[in-house]
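# Reading the structure
Chain by chain, the residues run as shown.
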Amino acid sequence: GFRFRVCDRRYPRSPDLVLPRYYAVIFVNGCFWHHHEGCSRATVPKSNQEYWNEKLRRNVERDKRVYSELENSGWRVFVVWECELGKEAEFRLKELVKDIVMEEHYFE
């Protein structure tokens, strides 16, 4: 029963889901492109490593900047990683819903 917007361009980096009632934005990040620390999917290609290291470093810096900008505007930022949507997806999504709804009373 959530009302949400998908890829809303009014916000920095167009969050994948925006839940206005809960002041929450959700980003579903690919482990490779957003360089999920400690994840086996976040490897750097062997060819042209200088380019890829710089590219992935900029992506991580941009993510931090965007998340900070949204939080400073009063939004709560949640990140779901690609690797979390495998076998553990149901658990991760239930945990995410709980985190979003449990803190709702702070924003009423």
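Before reading further, recall that the structure is shown in the block above.
A brief report on the enclosed structure follows. A quick note: this is a predicted structure, and the numbers were derived from the prediction, not measured.

Let us now look at the nonpolar core. In terms of nonpolar packing, the biggest core is built from 14 residues, with V25, F27, Y67, L70, W75 and V77 touching the most fellow members. Listing elements by their share of this core, those giving two or more residues are β3 (24-29), α1 (49-72) and β4 (76-81). Those residues in contact with V77 that sit more than four places away from it in its chain are V25, F27, Y67, L70 and E71. Residues L19, Y22, A24 and I26 belong to the second largest nonpolar core, which totals eight residues.

Looking at the secondary structure, you find R9 in the loop between β1 (5-6) and β2 (17-19). In this structure, the C-alpha to C-alpha distance between R9 and E37, residues 28 residues apart in sequence, is 27 Å.

The next point concerns the pattern of salt bridges. Considering all chains together, one arrives at 11 salt bridges under this definition. Residues D8 and R5 are paired through a salt bridge, measuring 3.4 Å at the closest nitrogen-oxygen approach. Classification of R5 as partly exposed rests on a relative accessible area of 30%. E90 serves as the salt-bridge partner of K94, at 3.1 Å between the closest nitrogen and oxygen. On the criterion of helical spacing, the pair formed by K94 and E90 is a turn pair, its members being four residues apart in helix α2 (residues 89-102). Both residues of the pair, K94 and E90, belong to the exposed class. In the salt-bridge network here, residues are joined through shared partners; they are E54, R57, R58 and E61.

This next bit is on the pairing of β4. Within β4, six of the six residues are buried, which leaves it mostly tucked inside the rest of the structure. Here β4 shows a buried face lined by R76, F78 and V80 and a second buried face lined by V77, V79 and W81. Both β3 and β4 contribute to a ladder of six bridges, which runs parallel. Paired with I26 across the two strands is F78, which belongs to β4. In this region the chain leaves β3, passes through α1 and returns to the parallel neighbour β4; the handedness of that crossover is right-handed.

What follows covers α1. Helix length check: α1, at 24 residues, gives a terminal C-alpha distance of 34 Å against a target of 34 Å (1.5 Å per residue), a fit within 8%. Within the sequence span of α1, burial applies to W52, L56, N59, D63, V66, Y67 and L70. In the segment just after α1, G74 is the residue with positive phi, at about 100°.

Criteria and thresholds
- Residues numbered from 1 in each chain as written.
- Predicted model: local features only at pLDDT ≥ 70, side-chain atom pairs only at ≥ 80, totals over all residues.
- Heavy atoms only, no water.
- Core = buried A, V, L, I, M, F, W, Y, C linked by side-chain atoms within 4.5 Å.
- Buried < 20%, exposed > 50% of the residue type's maximum accessible area, 1.4 Å probe, protein only.
- Helix = DSSP H or I, 4+ residues; strand = E, 2+ residues; numbered from the N terminus.
- Contact = heavy atoms within 4.5 Å.
- Salt bridge = Lys/Arg side-chain N within 4 Å of Asp/Glu carboxyl O.
- Pairing = 2+ DSSP bridges.
- Right-handed = clockwise from strand over helix to strand, strands pointing away.
- Expected span 1.5 Å × (residues − 1).

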